[in-house]
Amino acid sequence: MSDSIQIKEEVTIKFAGDSGDGMQFMGNLFTENTALKGNDLATFPDYPAEIRAPIGTMAGVSGFQLHFGSKQIFTPGDQVDVLVAMNAAALKANLNSLRNAGTVIVNQDGFDSKNLRLAKYEKGSNPIEDDTLEGYEVFKIQLTKLTRECLKESSLSMKEKDRCKNMFVLGFLLWRYTRNLESILTFLKNKFAQKPEVLAANIATLKAGYHYGETTETFTTTYEIKKATLPPGRYRNIMGNHALALGLITASQKSGRPLFYGSYPITPASDILHHLSRHKDFNVKTFQAEDEIAAATSAIGAAYGGDLAITGTSGPGLALKGEAIGLAMMLEIPMVILNIQRGGPSTGLPTKTEQADLLMAMYGRNGECPMPIISASTPTDAFDVAFEACRIAMEHMTPVLLLSDGYIANGAAPWLIPKADDIEAIEVKFAEPREEDDPAFLPYKRNEKLVRQWALPGTKGLAHRIGGLEKEANTGDVSYDPANHEYMIKIRAAKVDKIAESIPAQKIEMGEEGGDLLILGWGSTYGVIQSVVSEMLGEGASVAHAHIRYIHPFPKNLDKIVKGFKRIVIPEINNGQLVKLIREKYLIEAIPYNKIQGVPITHGELKDFVSQVMEIPST
Amino acid sequence: MTTEQKLKAKDFATDQDVRWCPGCGDYSILKQVQSVMAELDLNRDEVVVVSGIGCSSRFPYYMNTYGMHSIHGRAPAVVTGLKIANPDLHVWMVTGDGDGLSIGGNHLLHILRRNVDVNVLLFNNEIYGLTKGQYSPTSEQNKKTKSTPFGSLDYPLNPLAFAMGASATFIARSMDRDVKHLKAMLHRSEAHRGTSMLEIYQNCNIFNDGAFFSFTEKASKPETAIFLEQDQPLIFGIDNTKGIRLDGYKPQVVDLEKDGFSKDDLWIHDESDIFKAQMLTRFFDDPSNDEGTYFPRPFGVIYQVDRPCYEDQLHAQVAEAKTKSKMNGLDDLLQGTSTWVVE
């Protein structure tokens, strides 16, 4: 039994092991349990692109970082308090992220001579035997041995038994953080309902880990993190791609248009296809296309036919969809293109995060082709942004590009579940049927928002032709007239610009308007900016945070906001893209802060940079 | 119900000037499609003609129906999305040898195997017309064009063998110059539920004039073309004196007057026989070859089989999921299975 329960405000744990060790699985289970406990949290899964990278090597290390607390949690944490290392490579790859005097829980069986060699430790040295871990609190557990012992009666193969060792660690951690096993047991029973042997083994190992903590005298302290103070309501834990998928289904339900999702599998967007394909009962039609281009063009066909049409991808796929998106702009039909960004260029870093497709979203099509761009900033925000993208697409008859990224896609956070009735309906009006005697239908006639009508094939009297050739105003007939082309280019751009009249004003997330320094962000830098600004405001600095959701067109009042601060810092996980747009649009000096390492900006990094900027005397 | 008069072919024409070169084979195809639609009494509001890019792909602009002139090679994906959105539409897809077999080959392959209920009209003229005369995937080898002054190296693609390989459910061939046959094949295409792959030999009189003349012109046609009819023997030749028989697994051209075979010995055409269909698609010889031996080029329905359409199966899955759903509305979906309440 533990001697004492220590109350902590926040903890960061990192699970690290081989990519086949089930680190993501264990991390997600522990996260779910943490959420149910009522803590606020943020996660950061970090894994190799290879499904089973060479066992025991540094390249094969898969990590899952969880930051949770009774206070508001903005980021997955810069440094970890507790590092779980399943083998020597996992320890070596992550030790530098462990804070001073932090805790290391190692699988002693993952440090044999082979593991040490694969992790490239010097011959004869073993970090868990020598002084490498001096100053840390170290728990060495013979995980493989204990797991095998616990399952000695099981008929599973040795390999299958060994795969249960993540459950031992999970059980141990649940004990250490004074949790109960209920939610995990329920989950396992569902997951392994068809495999009773595997279920029994997982449960036995989980419980063994839990009891190991309880009965082993080495561990004298357990920890408790009280519930976080969150706005009242019902919550669930949710990951970004899942929230995004739910946002799309909600938009479909609220507009009465069946959802069509055309996609080609690509990391890190595939989970959206997986989630949507499970919900055919909500009138969702998923189509796994033969390639990225077919994914986009099938969505164009579905949109023409009257569905809420979506295509999803990541950077390389967006590059391939460029021509199709241009067609959708020309056809002026509603469609949403999801780009869950990853490290580029080319294949780049498939499993790592980056915000480097912003300029491609802005400019990556042939011809003059500006289009609406909207971006998600957190896993839960992905729900709202997905809904909003669909609203804009259908109300303004335009393709809309939605930017998310790997960090948002795979990150998890507690989500205050909205009530369906509280979500405003999206009004969809199709062109009305016509009789012979009615005046001819003009497919490119525009309303006051410069929006043309959605005319569905099958509607009486509306037969018309659309296509990628330049259109004559109103009639939509093919036109090579020089003045008409210029007019159409400008009216398509004006139509997109007009969206600024129907989007919310840019708000200041934190701090006051008109101070010394504004940190202006977009996308997944939201958490780290919040964290830094919150801390600096506490220290009395005149800083503020604004986060742009509507990237094109910008909210109208963004002009006033950016010009109201003495300095603006724009942190981005790219080589400086939003900063270009802001400078170009508002002719102001904006200071970029860029990190292009495939991982999020840390609190410490951003705070150091901003503090330095603030020390420069203003002219 | 409406008491409207039956539409005529001209009711399917638009007011747009048709801009193909004078003498182009496309004119004939356009006219036959319009008259077949009238004969079928199709409702203009329920017909959609979708194309990619190329000369043939201007087709939708001339059809007084719904239509989309999409992007190069992608029409099969566009119509797949369209049919998934609305399976009730009559969708016709117009493509060419470049659009459908070069840049869009991948999409054509996949629509054929998925069996989306669309009539695919592949205008094959064995040349790139709109870009002014480069060789195409169906051009013969050693073809001298603007892009191949020393002759083309690429071995020509066999479109119907490709369609067999993709497990198409309807495979047929016709020609722009045989109006009656073309109309019959258009009727058959529309009657087939699934992807109907109709290859139409079409003369480009500017860049590849006469590419198919040996099959389409009166003088040579009887000896080079064979017209398939269900349950009928494979007979061709000026006085119907030649036939195809099977010697074991080997097809053989026989002279009914000289070789001692009668009609009863000939191969009887069966559209549902996938193995014979494979062979017929391989009747792909150039009649002017050096040896002077060749199989006549088959025209007509080579293969037809009923197989469920992609969009029907998808809608059935949706319907079944709705029936079996345990979700009681959107709130259930949003909540998921594990939630907690903050007071």
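Let me begin by describing the structure that accompanies this report. Model, not experiment: these values are computed from the prediction.

## Here we look at the packing of aromatic side chains
Residues and elements named next belong to chain A.
- Inspection of every chain in the model, using the stated rule, returns 29 aromatic pairs over all chains.
- Aromatic pair Phe-25 and Phe-187: ring centres 6.0 Å apart, planes at 50°, arrangement tilted. Residue Phe-25 is found in helix 1 (residues 23–36), and its partner Phe-187 is found in helix 7 (residues 182–191); the two are separated by 162 residues along the sequence.
- The exposure class of Phe-25 is partly exposed, given its relative accessible area of 24%.
- Classification of Phe-187 as partly exposed rests on a relative accessible area of 38%.

## Comments concerning the sheet that holds strand 6 (residues 196–201) of chain B
- Strand order in the open sheet formed by nine strands is 17(A)-2(B)-1(B)-3(B)-4(B)-6(B)-5(B)-11(B)-7(B), with mixed pairing between adjacent strands. Across the chains shown, the open sheet's two edge strands, defined by having one partner strand only, are strand 17 (465–467) of chain A together with strand 7 (225–227) of chain B. For this sheet, the mean inter-axis angle between neighbouring strands, taken without regard to orientation, is 20°.
- With five bridges joining them, strand 1 (residues 47–51) of chain B and strand 3 (residues 90–96) of chain B adopt parallel strand pairing. What sits directly across from Val49(B), in strand 3 of chain B, is Trp92(B).

## Some words on the interface of chain B and chain A
- The partner chain A presents 70 residues to the 56 residues of chain B that form the contact.
- Summed over both partners, the interface of chain B with chain A buries about 5,300 Å², with 62% contributed by carbon and sulfur atoms.
- Area buried by chain B at its contact with chain A is led by Tyr66(B), Leu334(B) and Trp340(B), which between them contribute 16% of it.
- Counting the contacts that link chain B with chain A gives two salt bridges.
- Across the contact surface, chain B and chain A share 27 residue pairs in polar contact (both at pLDDT 80 or more).
- Of all elements in the fold, only strand 2 (66–69), helix 2 (75–85), helix 4 (105–114), helix 10 (310–324), helix 11 (330–335) and strand 12 (340–342) of chain B reach the threshold of two or more residues within the side of chain B that touches chain A.
- Here the side of chain B that touches chain A is composed, by residue class, of 24 nonpolar, 22 polar and ten charged.
- Here strand 17 of chain A pairs with strand 2 of chain B via three bridges, running parallel. What sits directly across from Arg465(A), in strand 2 of chain B, is Gly67(B).

Definitions and cut-offs
Residues numbered from 1 in each chain as written. Chains lettered and ligands numbered in written order. Predicted model: local features only at pLDDT ≥ 70, side-chain atom pairs only at ≥ 80, totals over all residues. Heavy atoms only, no water. Phe/Tyr/Trp six-rings, centres within 6.5 Å; stacked < 30°, edge-to-face > 60°. Helix = DSSP H or I, 4+ residues; strand = E, 2+ residues; numbered from the N terminus. Buried < 20%, exposed > 50% of the residue type's maximum accessible area, 1.4 Å probe, protein only. Pairing = 2+ DSSP bridges. Axes fitted to C-alpha atoms, helices over the stretch in contact; angles between N-to-C directions. Contact = heavy atoms within 4.5 Å. Buried area = accessible area lost by both parts, 1.4 Å probe. Salt bridge = Lys/Arg side-chain N within 4 Å of Asp/Glu carboxyl O. Polar contact = N/O pair within 3.5 Å; in protein donor to acceptor, adjacent residues only side chain to side chain. Nonpolar A, V, L, I, M, F, W, Y, C, P; charged D, E, K, R; others polar.

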